[in-house]
Amino acid sequence: MDLDEVAGRLYALAPSEFTAARTSEAAAAKRAGDAALARRIAGLRRPTVSAWAVNRVAREHPDELDELLSLGQELRAAWQAQDAAALAELTRRRGEVTGRLARLIRQSGEVSAAAAAEVDQTLDAAVVDAAAAEEVRRGRLVKPLSYSGFAPAPAAGRRPAGRKKSTAVDEEARAGKRAEAEAERARERQEAEVRERQEAEAAHREWSEALAGAEREHGERAEKVAKLEAKLAKARKRLAESAQRLEVTRREERHARQRLEE
């Protein structure tokens, strides 16, 4: 067992099943003597509904997802080349492919409108950003992804030909990214608090059930002990009565023997 194998199993599960399964996997690793792996498993974060929906697409519809991510590569290349005609055609195809994937996700009936919007946002990020595409392809997202730029992100260290070093649009884009990053951090904090609350509630439910079971077991055994003690008390009483009859009988037998000898 290793972390990659366990994570693959856990992130294939629905969020409602994740926490219990993670606890079980961590316990199994600990029983196997790998405390370090157990800690790493326990540290895996529960996915949001939208992240789980995208993870499921990566597993159940890999061909459709590969089509979208390959299209993203073409879009980034066209943007770097500033090929307007290619960008127009690729953008049209992007809408078609994204729409098909979104319909596949919504057909399950398990994704709310808000979660579906986050799915769309994640797929858009995967199209325009190579790092996001790789995260989506792995199928182990814990939260939705987003991209705040106005166009697909160019490869690191490259700049489209003829682009000015700084423009008002660039400044606006950077300001937008900063605001988006701050909003993302705030959302992550809020999600972390919600997750912690949910996990605390799940842990409390588990221990409450365990407490109820322990109290039930203790009550049953206490009742059995009380019954046994009552039986023992009766037996002791009968034993005392028997001892008394034995003593009387012995005394009378001695007297009878003495009369006989006289």
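Here is a short report on the structure shown in this document. Note that this is a predicted model, so its numbers are computed, not measured.

1. Focus: the overall build of the chain
Of regular secondary structure, the chain possesses nine helices and zero strands. Reading the chain from its N end, one meets helices and strands in the order α-α-α-α-α-α-α-α-α. For the chain, with 262 residues in total, the buried portion stands at 28%. Contacts in the chain between residues far apart in sequence, at least 24 positions, make up 70% of those at least 6 positions apart.

2. A closer look at the nonpolar core
Side chains of a nonpolar character, in soluble globular proteins, are inclined to be buried together. Leu 65 and Val 136 are the most contacted members of the largest nonpolar core, which totals 31 residues. Contributions of two or more residues to this core are made by α4 (49-60), α5 (62-81), α6 (84-106), α7 (113-128) and α8 (130-138). Counting residues in each nonpolar core, the second largest holds 13 residues, with Leu 10, Tyr 11, Ala 21 and Ala 29 among its members.

3. Some points on the pattern of salt bridges
This structure, assessed with the given rule, holds 13 salt bridges. The shortest N-O distance in the salt bridge between Arg 9 and Glu 5 comes to 2.9 Å. You can see Arg 9 and its partner Glu 5 sitting in helix α1 (residues 3-10), four residues apart, about one turn around the helix. Given a relative accessible area of 35%, Arg 9 falls into the partly exposed group. With a relative accessible area of 39%, Glu 5 lands in the partly exposed category. Note that Arg 93 and Glu 74 form a salt bridge whose closest N and O atoms lie 3.8 Å from each other. Pair noted here: Arg 93 is in helix α6 and Glu 74 is in helix α5, with a separation of 19 residues, a long-range link.

4. Re the side chain of Thr 19
When you line up the elements, Thr 19 lands in helix α2 (residues 15-31). Judged by relative accessible area, Thr 19 falls into the buried class, the value being 12%. Those residues in contact with Thr 19, other than ones at most four positions away along the chain, are Arg 46 and Glu 199.

5. Brief notes about the packing of α5 against α7
Viewed as axis vectors pointing N to C, α5 and α7 meet at an angle of 50°, and their least axial separation amounts to 7 Å. Compared by their axis directions, α5 and α7 come out oblique. In contact with Leu 65, Leu 68, Leu 69, Gly 72, Leu 75 and Arg 76 of α5, α7 contributes Leu 123, Ala 126, Val 127 and Val 128. For the contact of α5 with α7, the per-class residue count stands at eight nonpolar, one polar and one charged.

6. Notes on α5
Taking 1.5 Å of rise per residue, the 20 residues of α5 would be expected to cover 28 Å, and the 29 Å separating its terminal C-alpha atoms lies within 8% of that figure. Of the positions making up α5, those classed as buried are Leu 65, Leu 68, Leu 69, Leu 71, Gly 72, Leu 75, Arg 76, Ala 78, Trp 79 and Gln 80. Buried positions along α5 lie against α4, α6, α7 and α8. Backbone geometry just downstream of α5 places Gln 82 in the positive-phi region, at approximately 55°.

7. Examining the side chain of Arg 46
Structurally, Arg 46 can be placed in the loop between α3 (35-42) and α4. Within the structure, Arg 46 has its side chain in polar contact with the backbone oxygen of Pro 15 (distance 3.1 Å). The contact partners of Arg 46, leaving out residues within four places of it in the chain, are Pro 15, Ser 16, Phe 18, Thr 19, Arg 22, Val 142, Arg 195, Gln 198 and Glu 199.

8. Section: the packing of aromatic side chains
Overall, the coordinates contain one aromatic pair when judged by the stated rule. Both rings, one in Tyr 11 and one in Phe 18, keep their centres 5.2 Å apart while their planes meet at 40°; by these two values the pair is tilted.

9. Observations concerning unusual backbone geometry
If you check the backbone angles, Gln 82 has positive phi at about 55° while not being a glycine. Considering the arrangement of structural elements, one finds Gln 82 in the loop between α5 and α6. Under the relative-accessibility criterion, Gln 82 is labelled partly exposed at 46%.

10. Describing α2
Along its 17 residues, α2 runs 25 Å from first to last C-alpha, staying within 8% of the 24 Å computed at 1.5 Å per residue. Here α2 has its buried residues at Pro 15, Phe 18, Thr 19, Ala 21, Arg 22, Glu 25, Ala 26 and Ala 29.

What counts and what doesn't
- Residues numbered from 1 in each chain as written.
- Predicted model: local features only at pLDDT ≥ 70, side-chain atom pairs only at ≥ 80, totals over all residues.
- Heavy atoms only, no water.
- Helix = DSSP H or I, 4+ residues; strand = E, 2+ residues; numbered from the N terminus.
- Buried < 20%, exposed > 50% of the residue type's maximum accessible area, 1.4 Å probe, protein only.
- Contact = heavy atoms within 4.5 Å.
- Core = buried A, V, L, I, M, F, W, Y, C linked by side-chain atoms within 4.5 Å.
- Salt bridge = Lys/Arg side-chain N within 4 Å of Asp/Glu carboxyl O.
- Axes fitted to C-alpha atoms, helices over the stretch in contact; angles between N-to-C directions.
- Parallel < 35°, antiparallel > 145°, perpendicular 65-115°, else oblique.
- Nonpolar A, V, L, I, M, F, W, Y, C, P; charged D, E, K, R; others polar.
- Expected span 1.5 Å × (residues − 1).
- Polar contact = N/O pair within 3.5 Å; in protein donor to acceptor, adjacent residues only side chain to side chain.
- Phe/Tyr/Trp six-rings, centres within 6.5 Å; stacked < 30°, edge-to-face > 60°.

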